[in-house]
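# Coordinate inspection notes
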Amino acid sequence: MDQLGEFDQPIYRLALHQFEQAAEVLGLDPNLRERFKTPERALVVSVPIRMDNGQVRVFQGYRVRHDSSLGPSKGGVRYHPGVNLGEVAALAMWMSWKCALAGLPYGGAKGGVRCEPKSLSRGELQRLTRRYTAEISSVIGPEEDIPAPDVGTNEQIMAWMMDTYSMQKGYAIPGVVTGKPISIGGSLGRSEATGRGVVTNVLEAASILSIRMDQATAAIQGCGNVGSNAARMLVAAGAKVIALSDSQGGLYDPKGLEVEDVLKYKHETGKLPGYRKAEPISGAELLTLPCTVLVPSALSEQVTEKNAARISCRILAEGANGPTTLEADDILRERGVFVIPDILANAGGVIVSYFEWVQDLQKYFWSETEIHQRLTEILSGAFHRVYRLAQERKISMRMAALITGIEKIAQAHRLRGLYP
Ligand code: NAD
């Protein structure tokens, strides 16, 4: 842990600790360990834009590639006030393990701009996105590194990124980003893919634990792309969603929230608090509610040593990246909580992003049924491989998922060798 350098942030330490634990279990070659601990490259850019009031403001932007031994790198772009180089590098490392675990021909990357997107006008957001894309355009591309949405970004931002990159090249290049609107090369099923994938994993875990979904309750932290779609899919699977939260507060109804009605309210007002047909609760209270399934779908480091002993769910499905700290992981394990780790639980997003990229390259588009079927096939396969390994080696689901992903990349490095 002595070479954290410019990446030194709590979340990078978490990613690195997880990697080191997995490398120990794998008995990974020390030379490969060295190569995996830091990203292949990290680009820091200044993003100056003219604000609506005429002033120029400069934002910090990042694009980090962790590994590219299996193919072009892939990872979302985050717009959030907490974005920093260490966070982006940690998220890029997790993307490497996640893509390899799912068997995708991709390496891991991530990007971000430190900003509060909610405080920017549509025009400012568009100028920010276009300038950020121009600054990182030398390192992205359909064969090199392919961005996608993450916290604070959406399909409109992807459309502006695709347009900026395409204008520079002189022709439309839809494959440079995924998570685009369908009319410009996006894929059916992409917008809800991460939430759908979370619930596919939950159903597999419930079947192993003999839990009936029509008797299950769920609490979901975060009400954005991942949280809202996970809520919808859990209801479709027969569960009662008893609590939901966003950055401003939460809602609770032990009889089950009317999820579509709550999401409509959130869409119209921009927040959950104020919704009349449920009790208000704090985001912290939501995490410790007794329930069958808890789905953290917001930011990292939410389940910590401070609240882990009070977490009262049977299945914790990590919709978010890095929501559980190392200390909390140990406590949850001792208490018998079935943790579906982030790199497995939320892999549905990058899997359908891969489908989108394949469709863009082939210029041939698939039906929604085909997409759902292929997503379920890949995810359920990954879940069972991880579960079997965890049982055989008597290790946690997280460790089994990590060593599966890491070993795949290690094998690519062993075969390709060290350049020059
Ligand atoms: P988003 O911006 O659409 O939504 C984030 C949500 O979290 C918002 O509702 C926000 O209000 C809420 N939030 C923020 N701080 C909170 C807090 N302290 N308490 C409760 N809620 C809070 O982002 P998203 O795309 O849904 O991503 C959520 C998580 O899932 C992130 O960790 C992201 O990295 C991960 N993820 C996203 C995808 C994807 O396809 N979008 C794929 C894999 C993983």
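Not measured: the values here are computed from a predicted model.

## Quick look at the site of the ligand
- Lining the immediate surroundings of the ligand are 22 residues, of which Asp-150, Thr-194, Val-226, Ala-298 and Asn-321 lie closest.
- The side chain of Arg-78 places a nitrogen or oxygen atom 2.9 Å from an oxygen atom of the ligand.
- Measuring from an oxygen atom of the ligand, one finds a backbone N or O atom of Ala-298 at 2.8 Å.
- Mapped by element, the contributors of at least two residues to the shell around the ligand are α7 (225-236) and β7 (240-246).
- Counted by class, the shell around the ligand contains six nonpolar, twelve polar and four charged residues.
- Mapped onto the domain boundaries, the shell around the ligand takes at least three residues apiece from domain 1 (5-173) and domain 2 (193-345).

## A look at unusual backbone geometry
- Cis rather than trans, the peptide bond between Tyr-419 and Pro-420 has omega equal to 0 degrees.
- Within the secondary structure, Pro-420 sits in the segment after α14 (397-416).
- Here Ser-210, not a glycine, exhibits a phi torsion of approximately 55 degrees, which is positive.
- Inspection of the secondary structure assignment puts Ser-210 in the loop between α6 (193-208) and β6 (217-221).
- According to the relative accessible area criterion, Ser-210 is exposed, its value standing at 67%.
- Phi is positive for Lys-394, which is not a glycine, with a value near 55 degrees.
- Among the structural elements, Lys-394 can be located in the loop between α13 (368-393) and α14.

## Remarks on the domain arrangement of the chain
- Splitting the chain by domain gives domain 1 (5-173) and domain 2 (193-345).
- Using only C-alpha atoms to locate each centre, domain 1 and domain 2 end up separated by 26 Å.
- Taking both sides of the interface into account, the surface hidden between domain 1 and domain 2 amounts to around 1,200 Å²; carbon and sulfur atoms contribute 62%.
- Its largest share of buried area at the contact with domain 2, domain 1 owes to Leu-14, Trp-94 and Lys-98, together 36% of the area lost on that side.
- If you look at where domain 1 meets domain 2, you find zero salt bridges.
- Along the contact surface separating domain 1 from domain 2 lie one residue pair in polar contact (both at pLDDT 80 or more).
- Looking at the side of domain 1 that touches domain 2, the elements with two or more residues in it are α1 (10-26), β3 (73-80) and α3 (85-101).
- Here the side of domain 1 that touches domain 2 gets six residues from one element, more than from any other, and that element is α1.
- Among the residues forming the side of domain 1 that touches domain 2, the class breakdown is eight nonpolar, four polar and five charged.

## Here's the deal with the packing of aromatic side chains
- For the structure shown, the criterion picks out 13 aromatic pairs.
- Each ring, one from Phe-338 and one from Phe-383, has its centre 6.3 Å from the other, and the planes form 20 degrees; the classification is stacked. Taken as a pair, Phe-338 in strand β12 (residues 338-340) and Phe-383 in helix α13 lie far apart in primary sequence, 45 residues in all.
- A relative accessible area of 12% places Phe-338 in the buried class.
- Among the aromatic side chains, those forming a connected cluster through ring pairs are Tyr-106, Tyr-354, Phe-355, Trp-357 and Trp-366.
- The ring centre of Trp-366 lies 4.1 Å from the NZ or CZ of Arg-374, which sits over that ring.

## Some details on the pairing of strand β10 (residues 293-296)
- The alternating pattern of β10 places Val-293 and Val-295 on one face and Leu-294 and Pro-296 on the opposite face, and all of these are buried.
- Relative to β10, β6 runs parallel, the two being bridged by four bridges. Residue pairing in the sheet places Ile-220 in a bridge with Val-295 of β10.
- Relative to strand β11 (residues 315-317), β10 is paired through two bridges, and the arrangement is parallel. Looking across to β11, one finds that Leu-294 is bridged to Leu-316.

Quick notes on the rules
Residues numbered from 1 in each chain as written. Predicted model: local features only at pLDDT ≥ 70, side-chain atom pairs only at ≥ 80, totals over all residues. Heavy atoms only, no water. Near = heavy atom within 4 Å. Polar contact = N/O pair within 3.5 Å; in protein donor to acceptor, adjacent residues only side chain to side chain. Helix = DSSP H or I, 4+ residues; strand = E, 2+ residues; numbered from the N terminus. Nonpolar A, V, L, I, M, F, W, Y, C, P; charged D, E, K, R; others polar. Domains from an automatic or database assignment. Buried < 20%, exposed > 50% of the residue type's maximum accessible area, 1.4 Å probe, protein only. Buried area = accessible area lost by both parts, 1.4 Å probe. Salt bridge = Lys/Arg side-chain N within 4 Å of Asp/Glu carboxyl O. Phe/Tyr/Trp six-rings, centres within 6.5 Å; stacked < 30°, edge-to-face > 60°. Lys NZ or Arg CZ within 6 Å of the ring centre and 35° of its normal. Pairing = 2+ DSSP bridges.

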